[in-house]
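Spelled out, the chains give:
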Amino acid sequence: LSLAECAAVLGDAAEWERATLSREVLVVPVRDGADPHALVQRLGGTVKIAEVWRTIELKNGERKNGEQRALPDDVDAAIGAFILDRTTADRKVHFGFSVHDAGGGMARTRDVHDALRRGAATQKAWLTEHGRKVRWVTSRESTLSSVVVAKNDLLPERNGVEVLALVAADRVLLARTLAVQPFEEWGTRDYGRPGRDARAGMLPPKLARMMVNIGISNLESRISKSVLLDPFCGSGTVLTEAMALGIPRIIGTDASADAARDATANVAWLGERIRTRHEVIITQCDVRKLSSCVRERVAAIVTEPLLGPMDARGLHDLDRVVTELRSLYTAAFVQFARVLAPRGRVVFIAPSFQIGNRSRAVDIDADAERSGFRRVSPFPLAMRDHPVLRDAADLPYARADQRVGRRVLLFERE
């Protein structure tokens, strides 16, 4: 899902044919030199943005004193010199390490982590000898969280260095963290908004942001004239994330009067915080009558519909639940075809249920196709056969123990 969002935002600026992907890390050359701070502010699914500064090629079987070497002998000195060159003596220097598996496997990743920790004391002493006041930031984990990085002054603007070691099968990439996700802003938009209804279920703001980015990816050149619609707007999470991205005209509808009221409150609350001009229209409307409520063509539809009951008791008749939801979604796509512009996109969440040994997903591809839509891949063409993406066409978003999981689907109107 995060890769799909990166592909939507970076587009042709990234050299996807040269990208490296694991379940933790995406490394891709970017041609236009995107501002890392602006980029991490826009992306919902990216925790850190870093720049690779050295590639260490590792040869299988390379040994020293009869043991496999995790890193070459000169790496400690190279890291120390890197930190010295990118910090100043007028402020205390904070440095730390995060080690990620980029395809090298758990054992090799652990070995690299241990090698870096062994060298840190030497680096700290060496930096002190060169006039730096130094603090080494550590964690029990092999990676430092974005919160730890930000609060311990490990970013460039705070005279800090977080060294990322990305461990692949035949190489280790050393990178420096340039920006981290604005975790306090995300927390405020999630828990600080006035309209919240935990009983009805709430779309996480980060997921909503990813969905909006994917939905508007083909509109970048005309985003200032585009209209985005959420026809199951609930408390307005998609609407507020669209506002934060600068979409000037946004429409939200929902069959529930309470939901429309919460969405209105949340839109007003965010509008006061970001103080930019948006036209947001929110009305109570059943999706089956959407075309009578929305009388204009919209460029994108981004939505999480009703997902069914969240508790096991409500899912005892799973076949009935799936049938009812599919009927609702089919009616929705009939209406989507009437309000969405040609080549417009729909980013739609469909549920998948796990009750004991029973697993069911609500499959709507054929129903959407009958209404004039086709499923499209959210991934760059050069990466669609990558092993990590082999089973990810539906962009799953769920915990392993979750009864009702989400599948993010992307459709385009023909």
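Below is a short write-up of the structure. (Residues numbered from 1 in each chain as written. Predicted model: local features only at pLDDT ≥ 70, side-chain atom pairs only at ≥ 80, totals over all residues. Heavy atoms only, no water.)

### Focus on the side chain of aspartate 190
The condition is simple: Helix numbers and strand numbers start at the N terminus; a helix is a DSSP run of H or I with at least 4 residues, a strand a run of E with at least 2. The rule is simple: take the accessible area with a 1.4 Å probe, protein chains only, and divide by the maximum for that residue type; under 20% is buried, over 50% is exposed, in between is partly exposed. Note on contacts: a residue pair qualifies if any of its non-hydrogen atoms lie within 4.5 Å across the two residues.
Counting through the fold element by element, aspartate 190 comes out in helix 6 (residues 183-191). Residue classification places aspartate 190 among the buried positions, given a relative accessible area of 17%. Each residue touching aspartate 190, except ones within four places of it in the same chain, is listed here: Arg196 and Pro205.

### Focus: the packing of helix 6 against helix 7 (residues 205-215)
In plain terms, the rule: Throughout, an axis means a line fitted to C-alpha atoms (over the contacting stretch in the case of helices), and angles, computed between N-to-C directions, take values from 0 to 180 degrees. Should an angle fall under 35 degrees it is taken as roughly parallel, and over 145 as roughly antiparallel, whereas 65 to 115 is taken as roughly perpendicular and any remaining angle as oblique.
Running from N to C, helix 6 and helix 7 point in directions that differ by 105°, and their axes come no closer than 9 Å. Judged by the inter-axis angle, helix 6 sits roughly perpendicular to helix 7. Within the contact between the two elements, helix 6 uses Trp186, Arg189 and Asp190 and helix 7 uses Pro205, Lys206 and Arg209.

### Comments concerning the side chain of threonine 177
What counts here: A 3.5 Å cut-off defines polar contacts: any pair of N or O atoms within that distance qualifies, except that in protein one atom must be a possible hydrogen donor and the other a possible acceptor, and neighbouring residues in sequence count only when both atoms are side-chain atoms.
Structurally, threonine 177 can be placed in strand 9 (residues 171-180). With a relative accessible area of 0%, threonine 177 lands in the buried category. Within the local environment of threonine 177, its side chain forms a polar contact with the side chain of glutamate 162, the two groups lying 2.5 Å apart. When sequence neighbours within four positions are dropped, the list of residues in contact with threonine 177 reads Lys48, Ile49, Ala50, Leu155, Pro156, Glu162 and Leu164.

### Topic: the packing of aromatic side chains
Definition in use: Aromatic contacts are taken between Phe, Tyr and Trp rings whose centres are within 6.5 Å, Trp giving its six-membered ring; a plane angle under 30 degrees counts as stacked, one over 60 as edge-to-face, and the others as tilted. Put simply, a charge is over a ring when the Lys NZ or the Arg CZ is close to the ring centre, within 6 Å, and near the line of the ring normal, within 35 degrees.
On inspection of all chains with the given rule, the structure shows 8 aromatic pairs. Aromatic pair phenylalanine 95 and phenylalanine 97: ring centres 5.9 Å apart, planes at 85°, arrangement edge-to-face. Ring geometry for phenylalanine 333 versus phenylalanine 348: centroids 5.2 Å apart, planes at 55°, classification tilted. Linking phenylalanine 333 in helix 11 (residues 318-339) with phenylalanine 348 in strand 14 (residues 340-355), this pair joins segments that are 15 residues apart in sequence. Phenylalanine 333 sits in the buried class, given a relative accessible area of 1%. Under the relative-accessibility criterion, phenylalanine 348 is labelled buried at 0%. Taken together, Tyr329, Phe333, Phe336, Phe348, Phe373 and Phe411 form an aromatic cluster joined through their ring pairs. Directly above the ring of tryptophan 186 sits arginine 189, whose terminal nitrogen or CZ lies 4.6 Å from the centroid. Positioned over the ring face of phenylalanine 411 is arginine 375, at 5.7 Å from the centre of the ring.

### Brief notes about the state of the cysteines
Put simply, the test is: Pairs of cysteine sulfur atoms within 2.5 Å are identified as disulfides in what follows.
One pass over the structure, following the stated rule, counts 1 disulfide. Between cysteine 285 and cysteine 293 runs a disulfide, and the two sulfur atoms are separated by 2.1 Å. In this structure, the disulfide formed by cysteine 285 and cysteine 293 twists by about 90° around the S-S bond and is classed as right-handed. The exposure class of cysteine 285 is buried, given its relative accessible area of 4%. For cysteine 293, a relative accessible area of 35% gives the class partly exposed. Considering cysteine sulfurs only, cysteine 285 is the nearest to cysteine 233, which forms no disulfide, with 10 Å between them. A residue is classified by how much of its surface remains accessible, and cysteine 233, at 4% relative accessible area, is buried.

### Topic: unusual backbone geometry
Residues other than glycine seldom take positive phi values, yet asparagine 159 does so here, at roughly 65°. As for its position among the elements, asparagine 159 is in the loop between helix 5 (146-151) and strand 8 (160-167). Look at asparagine 159 and you get buried, because its relative accessible area is 3%. If you check the backbone angles, arginine 343 has positive phi at about 70° while not being a glycine. Looking at the element boundaries, arginine 343 is found in strand 14.

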